[in-house]
Structure formats: C-alpha cells, structure tokens
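A look at the structure
Now for the letters of each chain:
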Amino acid sequence: MEEKKAVLVVSFGTSYHETIEKNIAAAERAIAAALPDRTLFRAFTSGMILRKLARRDGLLIDDVPQALERIAAEGYTDVVVQPTHILPGEEYAKLLALAAPYAPRFAALRYGKPLLTGWRDYLEVARVLMEELPAPAEGEAVLLMGHGTEHPVNAAYAQLEYVLHDAGWDRAFVGTVEGYPALDQVLRRLAEYPSVTRVRLYPLMLVAGDHATNDMAGPDPDSWRSRLEAAGYAVSCHLQGLGESPGIRALLARRAAEA
Ligand code: CO
C-alpha cells in the first residue's frame, strides 16, 4: 500500500481575509509546491483569530489538534509540520506541545524550522529583504516593524538589524510592537542620522493584519506613522506581509523540504 503523506502548514492566523489569501495561502502554496508528493493542510494557532473567523464569517479553520486529528483520520502516515511563524518563540513552542501527543498516530511526524532560527537564517532573510525592497535612498531609512515577545527569542530583532547593517543597509532599523526595541528606541537611533528625513515602514510579519494596519499605519496618534510624522519624518507605509515575498516563501518551502 502506498504511504499517504501530508504537509501541515501552521500559521498564527489573521482575521483580514485579503491578507489570508495574499500571505498565508501564498506561503502554503509555495510550501506545497516544494513537496509535490504531500497533500496540503492548514491550521492556525491563534484561538482568538479562529473564534473571530468562525463567529464573524462562519469560516472554520482547524487548530493544530483538529488538523492532526483530520490528517490521521484520513489515513496519512507521514506528516511534515511547517510553521510560518517568524521566530521559534511562544507560538512555536505551543505548536510543538500541541502536536507532540499525535506523534504515536503517525509513522513519521517531522517539523520544519521557523523562518529565523539559526544565525545563517538571518543572513538569508536579510539577503531576500535587500533583494526585494528598494535600498534606502539618500536621506531615507527603512524601518521594519516586528511583533516582539516576552520569550528570549526577542533578541532576534536586534540580530536582524545587526545583520542588515553588516550587509550594507546602515539605515535599516528593526523595532517591535510588543517587545524591545520599541519605537522609542528606534526614534532615538534615527536621530543619530540627521540626514534622514524620510522613513519607509514595513511589517516584519507574515501578514499585514491588525498590527500593520493599525499600530503601524493607522491614523491613531499612537501609531508608528503618526509618531514618526510628529517627530518630523515623511513616512510611507507599505502594507505587505512577508508572505507576499517570493524570496521569503522560497525560504519557508526550503525549511519544509529540509524537514
Ligand atoms: Co500582537
């Protein structure tokens, strides 16, 4: 009997439909294309997002246990789980803990790494960003808004900025919404470059969802856009998630293939 193989792509999720399609579904397709002998399944890890999609839109998406239960019930014996999480932080640990009890149900249950895991991954991600985004012009800075976390992996943001500087983008900055460095630190760093008058803002997240739309680009006086403008910078906001990047999708696909 031929072995049935699956790939489960696990994302935090978002309640923004357009960004599900442009970022999450696009990443899932790239991963599935790299593993043509496997059937693609989807799961989200955010209970809040899953409940909102179900309640508001009647859109039912599996969480990790539901997806693995479904994959087992359909007779798959060999499963690769690929997260689209940026970092091996809390959400990734949660994913591993939720999936672990299902290991005995499969002949093989393997995990692909998150995007930024080992230090070489940072070099790859920096290379993709520098290939796909326009380089900061004279008088301009590029600012990436990451999520940030209480988890020790929060150090990733400083490491990515270091790597970008090392690779030649000295006016690239990485800040976070919920961790360190926050916008306060970024503003201080920007002030070290008196020639910079313009800031290009991008989310460093798989999707351009709630944080990108509101905390980064929103009209609220606390948004990054508003605070940068109040500090005298001309700001342009780019509402594109990393899932829209062909290079980032290719890296995720390779992580899954390596698993
Ligand atoms: Co958040």
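Quick summary incoming for the structure in this document. Values in this document were obtained by computation on a predicted structure and should not be read as measured data.

**Describing the sheet that holds strand 7 (residues 198-203)**
Strand pairing in a sheet takes place through backbone hydrogen bonds and is either antiparallel or parallel in direction. With parallel pairing, four strands are arranged side by side in an open sheet as 6-5-7-8. Sheet topology places strand 6 (172-176) and strand 8 (234-237) at the edges, where each strand pairs with a single neighbour. The sheet shows a mean angle of 25° between the axes of neighbouring strands, direction not considered. Relative to strand 7, strand 5 (residues 140-146) runs parallel, the two being bridged by six bridges.

**Digging into the packing of aromatic side chains**
One pass over the full model with this rule turns up two aromatic pairs. Seen in terms of ring centroids, Phe41 and Tyr76 are 5.4 Å apart; in terms of plane orientation they differ by 80°. Their pairing is edge-to-face. A residue pair is termed long-range when its members are at least 10 positions apart, and Phe41 in strand 2 (residues 39-44) and Tyr76 in the loop between helix 3 (64-73) and strand 3 (78-83) qualify at 35 residues. With respect to burial, Phe41 and Tyr76 carry one shared label: buried.

Each value, and the rule that gives it
The residue numbering used here restarts from 1 in each chain and proceeds along that chain's sequence as written. Reporting in this predicted model follows two pLDDT cut-offs: at least 70 for local features of residues, and 80 or more for side-chain atom pairs to be given and counted; totals over whole chains, interfaces and linings ignore these cut-offs and use all residues. To get the side-chain values, all heavy atoms of the structure are used, and hydrogens and water are removed first. Between any two strands, at least two bridges found by DSSP are needed for them to pair. Here a strand is any run of E in DSSP of at least two residues, a helix any run of H or I of at least four, and the numbering for each starts at the N terminus. To obtain each axis, a line is fitted to C-alpha atoms, and for helices this fit is confined to the stretch in contact; angles are then taken between N-to-C directions over 0 to 180 degrees. Note on ring pairs: Phe, Tyr and Trp rings are taken, using the six-membered ring of Trp, and paired if centres are within 6.5 Å. Classes follow the plane angle, with under 30 degrees stacked, over 60 edge-to-face and the rest tilted. Burial classes follow relative accessibility: with a 1.4 Å probe on protein chains only, a residue under 20% of its type's maximum area counts as buried, one over 50% as exposed, and anything between as partly exposed.

These figures come from the coordinates and say nothing about function on their own.
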